[in-house]
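Here's the letter readout for the chains.
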Amino acid sequence: MRENVLFSSPSYKFTLTPTHICFFSLQTPKLRRSRVRTKAMEVGGLDSKGREFKNAEEMWREQAGDPSKKCDWYKHGVGYWEGVEASVNGVLGGYAQVNEPDVEGSEAFLNTLLSERFPNSDHLAALDCGSGIGRVTKNLLIRYFNEVDLLEPVSHFLDAARENLGHTSSDKHKATNFFCMPLQEFTPDAGRYDVIWVQWCIGHLTDDDFVSFFNRAKAGLKPGGFFVLKENIARTGFVLDNEDRSITRSDSYFRELFQKCGLHIYQSKDQKGLPEELFAVKMYALTTDSPKRVHRTRSKVKANMPRIIK
Ligand code: SAH
């Protein structure tokens, strides 16, 4: 996986062909190691300059290991976006053409989820986290939800969102609240949202803040409500972007964090149709209740196994 970030912007990142990871995946005749499962956070990672970290702990200690480093981490993250133009192209890191497949992929995912979880609801509310200029709300959420709140720490993005959404809102579908705040400082009103949408911004949060954000935000969900997390995915470990202070986590890294948050993956789906040079993108629907297992009296595998006559 050498996921070496060349040009960055958290929403879109170029990746290079793996020289590194090829090294690990070469099928040389080596002794097979016993199958001890390594925790995702113990897997090494890289930064955008190609520097290696032994594990996530080492990286976090260095980047945000004390209050002043942590303060710098967040200051640089928001500072990066303060210098970006308030446009679709800006929030998509120069990849405006990704807007369309992204919205289509999200809509298909959301549609199924809403019909399964809220088949008869006549009033739905959503929160768009790290909303930027309101791209996701304008192109998707506002059509499905009666009320959408937006949360965004960069004020010129939020001003643009207010402007962009003014034209789209109607009596029945409107952007209600605009919170100018980062995720790590936000606590939603209890039981306000059916869906909390978190897209292309969670990489700015440290692991600790990731877990405490989702734990606080759980209380903001209505019964049956869920999170959608849509993010770039590293092939293994993580990739730190030195420029905007964000990290791209692997699927197993995310799964470990979800477990720490007490969240369950209700559904997940890969985003299709993005340019090849970008990181893979995944959508996760996360719930606080564990998904019901389909009860089978006899597993298919067993049913297909020949019986042993003793
Ligand atoms: N989700 C939007 C914007 C993606 S760009 C979209 O898909 O169009 C990344 C966004 O994350 C920027 O708007 C940036 O300001 C925001 N961001 C950066 N740090 C953040 C933080 N700590 N909490 C919440 N949002 C953050």
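Summary of the structure given here. (Residues numbered from 1 in each chain as written. Predicted model: local features only at pLDDT ≥ 70, side-chain atom pairs only at ≥ 80, totals over all residues. Heavy atoms only, no water.)

Notes on the overall build of the protein chain
Next, step 1: The number of helices and strands found in the protein chain is ten helices and eleven strands.
Next, step 2: By residue count, 50% of the 310 residues in the protein chain fall in the buried class.
Next, step 3: Intrachain contacts of the protein chain at a sequence separation of at least 6 include 71% that bridge at least 24 residues.
Next, step 4: Here the protein chain has roughly 16,400 Å² of accessible surface; of this, 51% comes from carbon and sulfur atoms. (Helix = DSSP H or I, 4+ residues; strand = E, 2+ residues; numbered from the N terminus. Buried < 20%, exposed > 50% of the residue type's maximum accessible area, 1.4 Å probe, protein only. Contact = heavy atoms within 4.5 Å. Areas by Shrake-Rupley, 256 points an atom, 1.4 Å probe, with all protein chains shown as cover.)

A word on the sheet that holds strand β8 (residues 238-241)
Next, step 1: Spatially, four strands are ordered β2-β1-β8-β9 in an open sheet, and the strand pairing comes out mixed. For this open sheet the edge positions go to β2 (52-53) and β9 (246-249), each flanked by a neighbour on one side alone.
Next, step 2: Note: strand β1 (residues 45-47) against β2, two bridges, orientation antiparallel. Its bridge partner being in β2, Gly 45 is matched across the sheet by Phe 53.
Next, step 3: Strand contacts of helix α9 (residues 251-261): β8 and β9, with the helix running at about 100 degrees to β9, the strand carrying the most contacts. (Pairing = 2+ DSSP bridges. Axes fitted to C-alpha atoms, helices over the stretch in contact; angles between N-to-C directions.)

Quick word on the sheet that holds strand β6 (residues 193-199)
Next, step 1: Pairing within the open sheet is mixed, and its seven strands lie in the order β5-β4-β3-β6-β7-β11-β10. The sheet is open, and its two edges are formed by β5 (174-179) and β10 (264-270), each paired on a single side. Averaged over all adjacent pairs, the angle separating strand axes in this sheet is 20 degrees, with direction ignored.
Next, step 2: Most of the contacts of helix α6 (residues 135-144) go to β6, to which it runs at about 140 degrees, and overall it touches β3 (125-129), β4 (147-151), β5 and β6.
Next, step 3: Its contacts with the sheet put α9 on β7 (221-233), β10 and β11 (280-287), and the angle it makes with β7 is roughly 155 degrees.

Some details on the site of the ligand
Next, step 1: In the neighbourhood of the ligand, 19 residues make up the surrounding shell, with Gly 130, Arg 135, Glu 152, Leu 183 and Gln 199 lying closest.
Next, step 2: In the model, a nitrogen atom of the ligand is placed 2.8 Å from a nitrogen or oxygen of the Gly 130 main chain.
Next, step 3: At 2.6 Å, a side-chain N or O of Glu 152 approaches an oxygen atom of the ligand.
Next, step 4: In isolation the ligand offers 570 Å² of accessible surface; the protein chains occlude 100% of this area.
Next, step 5: Using a 2 Å cut-off from the grid points, one finds that the ligand occupies the largest cavity.
Next, step 6: For the shell around the ligand, the class distribution of residues is eleven nonpolar, six polar and two charged. (Near = heavy atom within 4 Å. Polar contact = N/O pair within 3.5 Å; in protein donor to acceptor, adjacent residues only side chain to side chain. 1 Å grid on protein atoms, 1.4 Å probe; cavity = no way out; pocket = protein on both sides within 12 Å on 5 of 7 lines; lining within 4 Å. Sits in = over half its atoms within 2 Å of the grid points. Nonpolar A, V, L, I, M, F, W, Y, C, P; charged D, E, K, R; others polar.)

Some details on the packing of helix α5 (residues 99-117) against α6
Next, step 1: Contact geometry for α5 and α6: axes closest at 10 Å, N-to-C directions at 25 degrees. When the axes of α5 and α6 are compared, the pair comes out roughly parallel. When you trace α5 past α6, the crossing you get is right-handed. Where α5 approaches α6, its residues Asn 99, Asp 102, Val 103, Ser 106, Glu 107, Leu 110, Asn 111 and Leu 114 are matched on the opposing element by Arg 135, Asn 139, Leu 140, Leu 141, Arg 143 and Tyr 144.
Next, step 2: Looking at the contact of α5 with α6, its residues break down into six nonpolar, four polar and four charged. (Parallel < 35°, antiparallel > 145°, perpendicular 65-115°, else oblique. Left-handed = near helix turned anticlockwise from the far one by under 90°.)

What to know about empty space enclosed by the protein
Next, step 1: Applying the stated criterion to the full structure yields two cavities of 30 Å³ or more.
Next, step 2: As a volume, the largest cavity reaches approximately 420 Å³.
Next, step 3: Lining the largest cavity are 27 residues; nearest its centre among them are Gly 130, Glu 152, Trp 200, Cys 201 and His 204.
Next, step 4: Among the elements that line the lining of the largest cavity, the one with the most residues is helix α3 (residues 67-82), at four residues.
Next, step 5: When its residues are assigned to classes, the lining of the largest cavity shows 16 nonpolar, eight polar and three charged. (Points joined across faces, edges and corners; volume = space filled by probe spheres on them.)

A word on the pattern of salt bridges
Next, step 1: Summed over the entire model, instances satisfying the criterion amount to 15 salt bridges.
Next, step 2: Salt bridges sharing common partners tie together Asp 102, Arg 135 and Lys 230. (Salt bridge = Lys/Arg side-chain N within 4 Å of Asp/Glu carboxyl O.)

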